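Working through the structure, step by step
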Amino acid sequence: MRRSLLSVRSALVLLLAVLTGIGAGALARLAGSPAAECVLYGAGAFGVAVPFFDRLVAAPAEKESETPS
């Protein structure tokens, strides 16, 4: 069986960040900014969104061995 290139969590984080960047660029364009400026806004929003969504989407919990107290 082939291993996937990205985990589901990584794919979700990147997808949400890309959608955030596209949204920021589109909103800037609707506000009347030049196209090059909109690309920079979108790239900046993408860069900020990756760590944000990385912390927001919970990593799989590690199984801790249960020791009786």
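Anyway, here's the lowdown on the structure attached to this text. Predicted model only: the values in this text are computed from it and were never measured. (Residues numbered from 1 in each chain as written. Predicted model: local features only at pLDDT ≥ 70, side-chain atom pairs only at ≥ 80, totals over all residues. Heavy atoms only, no water.)

1. A short note on a nonpolar patch on the surface
Short version of the rule: To count toward a patch, a residue needs a relative accessible area above 30% and no salt bridge. Like charges then connect within 9 Å, nonpolar side chains (Val, Leu, Ile, Met, Phe, Trp, Tyr) within 5 Å. Here the accessible surface of atoms and residues is derived via Shrake-Rupley with a 1.4 Å probe, and residues count as covered only by protein chains that are part of the display. Just to be clear on terms, a salt bridge is a Lys or Arg side-chain nitrogen sitting within 4 Å of an Asp or Glu carboxyl oxygen. By the criteria applied, helices consist of DSSP H or I runs no shorter than four residues and strands consist of E runs no shorter than two, each listed in order from the N terminus. We call a residue buried when its accessible area falls under 20% of the maximum for its residue type, exposed when it is over 50%, and partly exposed in between, using a 1.4 Å probe and counting protein chains only.
A cluster of nonpolar residues, Leu5, Leu6, Leu12, Leu14, Leu15, Val18, Leu19, Ile22 and Phe46, forms a patch on the protein surface that exposes about 850 Å² of accessible area. With respect to the helices and strands, the residue Leu14 is situated in helix α1 (residues 8-30). By relative accessible area, which is 35% here, Leu14 ends up partly exposed.

2. Points about helix α2 (residues 35-56)
The following threshold applies: In this scheme, a helix's expected span is set at 1.5 Å multiplied by one less than its residue total. Note that the bend at a residue is defined as the angle between axes fitted to the seven residues ending at it and the seven residues starting at it. Throughout, a contact is declared for two residues whenever any of their heavy atoms are within 4.5 Å.
Spanning 22 residues, α2 covers 30 Å between terminal C-alpha atoms, matching the ideal 32 Å at 1.5 Å per step. By the largest-angle criterion, Ala49 marks the main kink of α2, which is about 30°, and a proline, Pro51, follows within four residues. Looking at the buried side of α2, the elements it contacts are α1.

3. Things to note about the packing of aromatic side chains
Operational definition: Pairs were defined over the aromatic rings of Phe, Tyr and Trp, the Trp ring being its six-membered one, requiring ring centres within 6.5 Å. Orientation was assigned from the angle between planes: stacked under 30 degrees, edge-to-face over 60, tilted for the rest.
Under the definition given, this model contains one aromatic pair. Relative to Phe53, the ring of Phe52 lies with its centre 5.1 Å away and its plane at 70°, an arrangement referred to as edge-to-face. According to the relative accessible area criterion, Phe53 is buried, its value standing at 14%.

4. Notes on the pattern of salt bridges
Counting across every chain of the model gives one salt bridge. The salt bridge partner of Arg9 is Asp54, with a shortest N-O separation of 2.9 Å. Note that Arg9 is positioned in helix α1 and Asp54 in helix α2, a separation of 45 residues in sequence. Note on Arg9: relative accessible area 26%, which makes it partly exposed. According to the relative accessible area criterion, Asp54 is partly exposed, its value standing at 36%.

5. With respect to the packing of α1 against α2
Rules: Inter-axis angles, ranging from 0 to 180 degrees, are taken between N-to-C directions of lines fitted to C-alpha atoms, where helices are fitted over the stretch in contact. Here the angle decides the label: under 35 degrees means roughly parallel, over 145 means roughly antiparallel, 65 to 115 means roughly perpendicular, and every other value means oblique. What makes a crossing left-handed is the near helix being turned counterclockwise from the far one by less than a right angle; a clockwise turn instead makes it right-handed. Note that Gly is not counted as nonpolar here; it falls among the polar residues with everything else outside the nonpolar set of Ala, Val, Leu, Ile, Met, Phe, Trp, Tyr, Cys and Pro and the charged set of Asp, Glu, Lys and Arg.
The interhelical angle for the contact between α1 and α2, taken along N-to-C directions, is 150°, at an axis separation of 7 Å. It follows from the interaxial angle that α1 and α2 lie roughly antiparallel. For the element pair α1 and α2, the recorded crossing hand is right-handed. Contacts between α1 and α2 involve Arg9, Val13, Leu14, Leu16, Ala17, Val18, Thr20, Gly21, Ala24, Gly25, Ala28 and Arg29 from the former and Ala35, Cys38, Tyr41, Gly42, Ala45, Phe46, Ala49, Val50, Phe53 and Asp54 from the latter. Of the residues that constitute the contact of α1 with α2, the class distribution is 15 nonpolar, four polar and three charged.

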